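Summary of structural features
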Amino acid sequence: MAQRRTAWTRLTTPFANIPASTATTLALAMWVVVIGGWALLSYGRVVPNMFLPTPGTVLQTTYRMSLDGSLFYHTLTSAKVVILGFIVSSVIAVPLGLWMGTYRAVQAPLEPLVNFIRYLPVTSFVPLFILWIGIGIEQRIAVIFFGTFFQQLVMISDCARSVSRDLVNASYTLGTRRSEAVWHVIFPAALPAILDTLRVTMGWAWTYLVVAELVAASSGLGYISLKAMRGFQVDVIFMAIAAIGLLGLITDTAFRIIRARVAPWAA
Amino acid sequence: MGSLILNASSQTAVGSRAMSESIKANNPAGTAHAAGDPRSAGTTMAIEDVTLRYGDANGVLALDDVSLKVAKNEFCVIVGPSGCGKSSLLYLAAGLNDVTSGTIKVDGREVIEPGPDRGMVFQSYTLFPWLTVRANIEYGPKRKGLPAEQRRQIVDQYLDEVGLAPFADHYPAQLSGGMKQRVAIARALANDPAVLLMDEPFGALDSQTRGTMQKLLLRVWERQQKTVLFVTHDIDEALVLGDRVLVMTARPGKIKAEIKVDIPRPRSMDVILEPDFIALKRRILGLLHDEIDEDH
């Protein structure tokens, strides 16, 4: 149908599909622009290298820190904090969110409280967590948990609430008991949306990492960034930022694969 | 205005598909109980003096003192303008909503909550998207705790019945709207309900698919002999399918007239061209037009 349309018309038509090769080219071009711009600014000394390292320096630093194992060590520590915080949060938020979205009696007491807490900045709780939990890995996990949990709860509750009433009604007319509806109908029906929520909130969990490692950490990507700041090692900061982004990309892809496996029936 | 209760009693029960036609519009007696048939042996579903009011005592009156009976193996159709409460009545019969007053009984037992004895096919697509066609049909028998072998037989039988055996392992998202509703019918029948409630099941389909679905439903019903209470706003559909058509008024919903459809079975879709059919259709149109005029 789009045979007679020119490539330009297709590119400028709302919601129109473009060939995969064009999409890939555009995506690559974006990276070329970003890295090219970076190279121009740094190699061209437009910005002093003290503030903006060259791509070459960052690659060298990455290579050096990969060789001595420190990059791996700090990445592992950070990944452990984020993933543990995320898992603890999800394990509680998924069932509680399902109940909250399903039963008004659970929603009524929880929702005002959760909506109050989820607007509080996570940073404001760091001093409290240090007092209560100490300065170990638990404190950092608590920060990730706190930043993720309440958002997850509200979003998963919405996933459950938006399950079609007629789907639940149909299940009743087929012999499902009221007590079974959450597990037999609402959970599977909401599952694709729940997995999407987990994928999105996983991204948020990564963004809390530096906050978590801001105080009292002795390892991790956020920690080495802060240490590098004091020594003006901008290249290390760049490397840490790139590593966090890359890890986020990996977990995001992992969630997409899991979703395709667990819920192949949902588009 | 006195209540216009008409009782579709057992005189219309199974087999009485004789060539007689009766219409009881504006029954002046208005007696809800007078027509109550003491010999309720052939009655599967009895709706008695049912009123439904939304919200508090000042809320909208959706159904006003509705009474009807559906005989065993009868195909009973309720036709009415949109918003007349016909779907609400079906939801009440399914036990998905509570009556404000009155009772609904199925096989003599009062309906207080939903149950597998009242299967329902909805206007919206309600197949479980995470289950294949086979697993959707198997859902009810599984809840009942039937053994796997028996479940397989039931599923195969109904897959054949609705002609979807080649699609057994497809997910609902891979099916067309008509196919989804065929699975929904198979899923409801596989549970062997005492009464099958159908809430405008073909309302979302295009007119050609609707015709095909009506033909399929007629064939399935003629073979399976189920008690059906079917709701629609499509007069042709009501007359093609039903043994009896109940015409409902709008706001508050009441049953205005009862029309027996004496077109012999098995019926084909060509009946819509026959004079008998057209006469019945004209009568129902007249009844519905009165309603619409009153509205304006």
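Model, not experiment: these values are computed from the prediction.

A tally of helices and strands in chain A yields 12 helices and zero strands. Along its sequence from the N terminus, chain A presents helices and strands in the succession α-α-α-α-α-α-α-α-α-α-α-α. A globule of 267 residues ought to have a C-alpha radius of gyration of about 18 Å, yet chain A, at 23 Å, is considerably larger. Referenced to the eigenvectors of the C-alpha coordinate spread, the extents of chain A come out at roughly 70 × 70 × 30 Å. Considering chain A as a whole, with its 267 residues, one finds that 32% of them fall into the buried category. Contacts in chain A between residues at least 24 apart in sequence constitute 72% of all its contacts with a sequence separation of at least 6.

Attention now moves to the overall build of chain B. Helix and strand counts for chain B come out as seven helices and 10 strands. Scored against the burial criterion, the 296 residues of chain B give a buried share of 47%. Here the analysis covers contacts within chain B between residues at least 6 apart in sequence; of these, 74% occur between residues at least 24 apart.

All names here are of chain A. UniProt annotation of "transmembrane region" (unreviewed entry) refers to residues 20-41, 81-101, 113-135, 141-160, 204-224 and 236-258 when read in the numbering used here. The span residues 81-101 is 100% helix and 0% strand, and its two end C-alpha atoms sit 29 Å from each other. A distance of 27 Å separates the end C-alpha atoms of residues 141-160, which is 100% helix and 0% strand.

Before going further, it helps to spend a moment on the sheet that holds strand β5 (residues 109-110) of chain B. Residues and elements named next belong to chain B. Spatially, β2-β1-β4-β5 is the arrangement adopted by the four strands of the open sheet, whose pairing is antiparallel. Only two strands of the sheet have a single partner each, and these edge strands are β2 (61-71) and β5. Sheet topology places strand β1 (residues 43-53) next to β2; seven bridges connect them, and they run antiparallel. Among the inter-strand pairings, Met45 is bridged to a residue of β2, identified as Val70. Running over the sheet, helix α1 (residues 86-94) touches β1, β2 and β4 (101-106) and is turned about 120° from β1.

Residue and element names in this part refer to chain B. Strand order across the open sheet formed by six strands is β6-β7-β8-β3-β9-β10, with mixed pairing between neighbours. At either end of the open sheet lies a strand with only one pairing partner, and these are β6 (118-121) and β10 (255-260). Ignoring strand direction, the axes of neighbouring strands in this sheet form an average angle of 20°. Sheet analysis places strand β9 (residues 244-248) next to β10, joined by five bridges and oriented antiparallel.

In this complex, chain B contributes 20 residues to the contact, which on the side of chain A involves 15 residues. Broken down by secondary-structure element, the contributors of at least two residues to the side of chain B that touches chain A are β6 and α2 (133-143) of chain B.

Now for the pairing of strand β8 (residues 227-232) of chain B. Residues and elements named next belong to chain B. In terms of residue burial, β8 counts as a mostly covered element, since six of its six residues are buried. On β8, burial covers both faces: Thr227, Leu229 and Val231 on one face and Val228, Phe230 and Thr232 on the other are all buried. The pairing of strand β7 (residues 195-199) with β8 spans five bridges and is classified as parallel. Among the inter-strand pairings, Val195 is bridged to a residue of β8, identified as Thr227.

Our focus in this paragraph is the nonpolar core. With 134 residues, the main nonpolar core has Ile144 of chain A together with Ala93, Leu229, Val245 and Val247 of chain B as its most contacted residues. For Val247 of chain B, the residues in contact, after removing those within four places along its chain, are Val79, Gly80, Lys256, Ala257, Ile259, Ile284, Leu287 and Leu288 of chain B.

As annotated by UniProt and renumbered to match this structure, "domain: ABC transporter" (unreviewed entry) occupies residues 45-275 of chain B. Its end C-alpha atoms 32 Å apart, residues 45-275 of chain B is made of 32% helix and 26% strand.

Taken as a whole, chain A is organised into domain 1 (7-52) and domain 2 (57-262). Domain 1 of chain A and domain 2 of chain A are separated by 30 Å when their C-alpha centres are compared.

All names here are of chain B. Counting buried positions over the 11 residues of α2 gives eight, a clear majority of the element. Inspection of α2 places Val133, Arg134, Asn136, Ile137, Glu138, Tyr139, Gly140 and Pro141 among the buried residues, and these make up the whole buried set. Looking at the packing, one finds that the buried side of α2 touches α3 (148-161) and α4 (177-190). Directly after α2, the chain includes Gly145, whose backbone phi takes a positive value near 80°.

In this section: the environment of Thr212 of chain B. All names here are of chain B. With respect to the secondary-structure elements, Thr212 resides in helix α5 (residues 207-224). Owing to 15 C-beta atoms within 10 Å, Thr212 belongs among the partly exposed residues under this scheme. Spatially, the C-alpha atom of Thr212 lies 13 Å from that of Ser176, the residues being 36 residues apart in sequence.

Before going further, it helps to examine helix α4 (residues 70-102) of chain A. In a regular helix each residue adds 1.5 Å, so 33 residues correspond to 48 Å; α4 of chain A covers 47 Å between its end C-alpha atoms and thus fits that length. Along α4 of chain A, the helix axis deviates most sharply at Ala93 of chain A, where the bend reaches about 30°; the proline Pro95 of chain A sits within four residues downstream.

Residue and element names in this part refer to chain A. It is the contact of helix α3 (residues 55-67) with helix α12 (residues 234-262), at a shortest axis distance of 9 Å, that shows an interaxial angle of 75°. Regarding the angle of α3 to α12, the classification is roughly perpendicular. Between α3, through Thr57, Val58, Thr61, Thr62 and Met65, and α12, the contact on the second element is made entirely by Asp235, Val236, Phe238 and Met239. Considering only residue class, the contact of α3 with α12 consists of five nonpolar, three polar and one charged.

With that out of the way, let us pick up the confidence of the model for chain B. Residue and element names in this part refer to chain B. Overall, the prediction assigns chain B a mean pLDDT of 84, with 84% of residues at 70 or greater. Confidence drops under pLDDT 50 across residues 1-40; counting only partners more than four residues distant or on other chains, this segment forms 80 contacts. In the predicted complex, the global pTM is 0.82; the interface-specific ipTM is 0.82.

This part covers unusual backbone geometry. Of the consecutive residues Arg265 of chain B and Pro266 of chain B, the connecting peptide bond is found in the cis state with omega at 0°. For Pro266 of chain B, the position within the fold is in the loop between β10 and α7 (275-295). The phi dihedral of Arg45 of chain A falls on the positive side, at around 55°, and the residue is not glycine. Here Arg45 of chain A lies in the loop between α2 (20-43) and α3. Taking the C-beta count within 10 Å as the criterion, Arg45 of chain A has 10 such neighbours and is therefore assigned exposed. One non-glycine residue, Asp107 of chain B, lies in the positive phi region at around 50°. Note that Asp107 of chain B resides in the loop between β4 and β5.

The rules behind these values
- Residues numbered from 1 in each chain as written.
- Chains lettered and ligands numbered in written order.
- Predicted model: local features only at pLDDT ≥ 70, side-chain atom pairs only at ≥ 80, totals over all residues.
- Helix = DSSP H or I, 4+ residues; strand = E, 2+ residues; numbered from the N terminus.
- Rg over C-alpha atoms; globule rule 2.2 N^0.38 Å.
- Buried ≥ 20, exposed ≤ 12 C-beta atoms within 10 Å, placed from the backbone.
- Contact = placed C-beta atoms within 7 Å.
- UniProt positions renumbered as here; feature names shortened; annotations may be inferred.
- Pairing = 2+ DSSP bridges.
- Axes fitted to C-alpha atoms, helices over the stretch in contact; angles between N-to-C directions.
- Core = buried A, V, L, I, M, F, W, Y, C linked by C-beta atoms within 7 Å.
- Domains from an automatic or database assignment.
- Expected span 1.5 Å × (residues − 1).
- Bend = angle between axes of the 7 residues up to and from the residue.
- Parallel < 35°, antiparallel > 145°, perpendicular 65-115°, else oblique.
- Nonpolar A, V, L, I, M, F, W, Y, C, P; charged D, E, K, R; others polar.
- pLDDT = per-residue confidence, 0-100.

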